[in-house]
Amino acid sequence: MEDQTQAREILKSLTEEVSEVATYLRELGVETLEGTLPSAIEASARTSEKAKVARPPAVAPALRRNANAERPQPSPPEAPLPPPKPSTSTPRVAGEPPAFRQQTAMPKKPVRKPSPDPPAPRETLFGDITPADDLSLGHPGETFEDIRRDVGECVRCPLHQGRTHIVHTEGSPTARLLFVGEAPGADEDATGRPFVGRAGQLLNKIIEAIGLKRDDVLIGNVNRCRPPANRTPTTEEARTCKPFLLREINVARPDVIVVLGNTAMKNLLDTKEGITRLRGEFQDYKGIKVMPTFHPAYLLRDPSKKREVWADMKKVRDYLNSTKK
Ligand code: URA
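Here's what I pulled together on the structure shown here. The structure displayed is predicted, hence computed values, not measured ones.

### Describing the packing of helix H5 (residues 144–151) against helix H8 (residues 235–252)
Argument step 1. With their axes 10 Å apart at the nearest point, H5 and H8 run at an angle of 170° to one another. Comparing their axes, H8 and H5 come out roughly antiparallel. Contacts from Phe144, Asp146, Ile147, Asp150 and Val151 of H5 reach H8 at Phe244, Arg247, Glu248, Val251 and Ala252.
Argument step 2. Residues of the contact of H5 with H8, tallied by class, amount to six nonpolar, no polar and four charged.

Listed below in structure tokens is the structure:
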């Protein structure tokens, strides 16, 4: 008997709450729920009266789902709405959400968290990729500044945890030559600039060897945050960051991309071949010539490989000279 009274009270309070929410939704322009919720509650109340033990009705969550389906959601809250509190009956100001909604913090900007389940690949400006989120996707007419802004204070992958600076692509978007490395090292992380450590000094010499200056070219990396202990970025980390580089390539459309080392090559060309097999021969990335060559850090460990890199860079220089406008 006591149970029944309690159940009736809870249902009465929920009915009030749901009708408050329905009013709120109507104010937001969601009309399709009209009529169905109160009757659903009534039906639920009738059924529950027969039941010995009161159960919280499934109507409130259903309402939230329907509301989400109907309402445009520019910035949905990350956390699910808390369940309505049956005791809430604070009078509501018109145009404001009911009390239990007011307790739900609605962040002004979505807080980015690494996504455990990457979304399905989508057709983008540069073909099928798996973007981490909408901000990873390019749009026609965008600039390097737009891309940098979309990277933001990125926390899309775990590498953000150990970084000091995000290392963006450096150089002019009108450059004809782009060098792509793997990820920043300690010096790059400390300064926020790509290839400024020992490998970077050697890269500067390579650039000068083909008659160019560092300022004439673009230099970037597949990943913009330093991996712990300079380990190779995981496939997932590379896949999360790579869209921003691909967008820059789409904006700059350089004549040649030099990919430095295995990781950069595999990520750009989506190949399982190793650098030793592909280096020295032009490959293709969406109509752009790609020259795979050894990473300068590898040359520091094995200077005898400079000979091959020099041969590869001469091909790059000759191609650039032959296509000069
Ligand atoms: N190695 C890389 O691959 N990138 C850098 O920016 C520095 C070292």
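Next comes the rest of the description.
### A short note on the side chain of arginine 163
Argument step 1. Considering the arrangement of structural elements, one finds arginine 163 in the loop between H5 and strand S3 (177–181).
Argument step 2. Take arginine 163: its relative accessible area is 16%, and that puts it in the buried class.
Argument step 3. A polar contact of 2.7 Å, which involves the side chain of arginine 163, links it to the backbone oxygen of cysteine 154.
Argument step 4. Apart from residues no more than four positions distant in its own chain, arginine 163 is found in contact with Glu153, Cys154, Asp189 and Cys225.

### Things to note about the state of the cysteines
Argument step 1. By the definition in use, this model includes zero disulfides.
Argument step 2. Cysteine 225 takes part in no disulfide bond, and the closest cysteine sulfur to it belongs to cysteine 157, at a distance of 6.2 Å.

### So, the sheet that holds strand S6 (residues 283–285)
What holds strands together in a sheet is hydrogen bonding between their backbones, with the strands either parallel or antiparallel.
Argument step 1. Strand order in the open sheet made by the five strands is S4-S3-S5-S7-S6, with mixed pairing throughout. With one partner strand each, in any of the chains shown, strand S4 (218–221) and S6 form the two edges of the open sheet. Averaged over all adjacent pairs, the angle separating strand axes in this sheet is 30°, with direction ignored.
Argument step 2. By the bridge criterion, four bridges tie S3 to strand S5 (residues 256–260) in an arrangement that is parallel. The residue bridging leucine 178 from the neighbouring strand is isoleucine 257, located in S5.

### Looking at the site of the ligand
Argument step 1. Surrounding the ligand, one finds Gly181, Glu182, Ala183, Pro184, Glu188, Pro194, Phe195, Asn221 and His295.
Argument step 2. Here a nitrogen atom of the ligand and a backbone polar atom of alanine 183 are 3.0 Å apart.
Argument step 3. Protein contacts shield 90% of the accessible area of the ligand, which totals 230 Å² for the unbound molecule.
Argument step 4. Class assignment of the residues belonging to the shell around the ligand gives a composition of four nonpolar, three polar and two charged.

### Description of the pairing of S4
Argument step 1. Where burial is concerned, the two faces of S4 agree: the one with Leu218 and Gly220 and the one with Ile219 and Asn221 are both buried.
Argument step 2. Note that S3 and S4 share four bridges and pair parallel. Bridging across to S4, leucine 178 finds its partner in leucine 218.

### Some thoughts on the pairing of S5
Every regular strand shows the same layout, with side chains that alternate between the two sheet faces.
Argument step 1. The buried fraction of S5 is high, at five of five residues.
Argument step 2. Bridge count between S5 and strand S7 (residues 288–293): five bridges; the pairing is parallel. From the neighbouring strand, isoleucine 257 faces S7, where its bridge partner is valine 290.

Reading the values: the criteria
- Residues numbered from 1 in each chain as written.
- Predicted model: local features only at pLDDT ≥ 70, side-chain atom pairs only at ≥ 80, totals over all residues.
- Heavy atoms only, no water.
- Axes fitted to C-alpha atoms, helices over the stretch in contact; angles between N-to-C directions.
- Helix = DSSP H or I, 4+ residues; strand = E, 2+ residues; numbered from the N terminus.
- Parallel < 35°, antiparallel > 145°, perpendicular 65-115°, else oblique.
- Contact = heavy atoms within 4.5 Å.
- Nonpolar A, V, L, I, M, F, W, Y, C, P; charged D, E, K, R; others polar.
- Buried < 20%, exposed > 50% of the residue type's maximum accessible area, 1.4 Å probe, protein only.
- Polar contact = N/O pair within 3.5 Å; in protein donor to acceptor, adjacent residues only side chain to side chain.
- Disulfide = S-S within 2.5 Å.
- Pairing = 2+ DSSP bridges.
- Near = heavy atom within 4 Å.
- Areas by Shrake-Rupley, 256 points an atom, 1.4 Å probe, with all protein chains shown as cover.

By themselves these figures say nothing about function.
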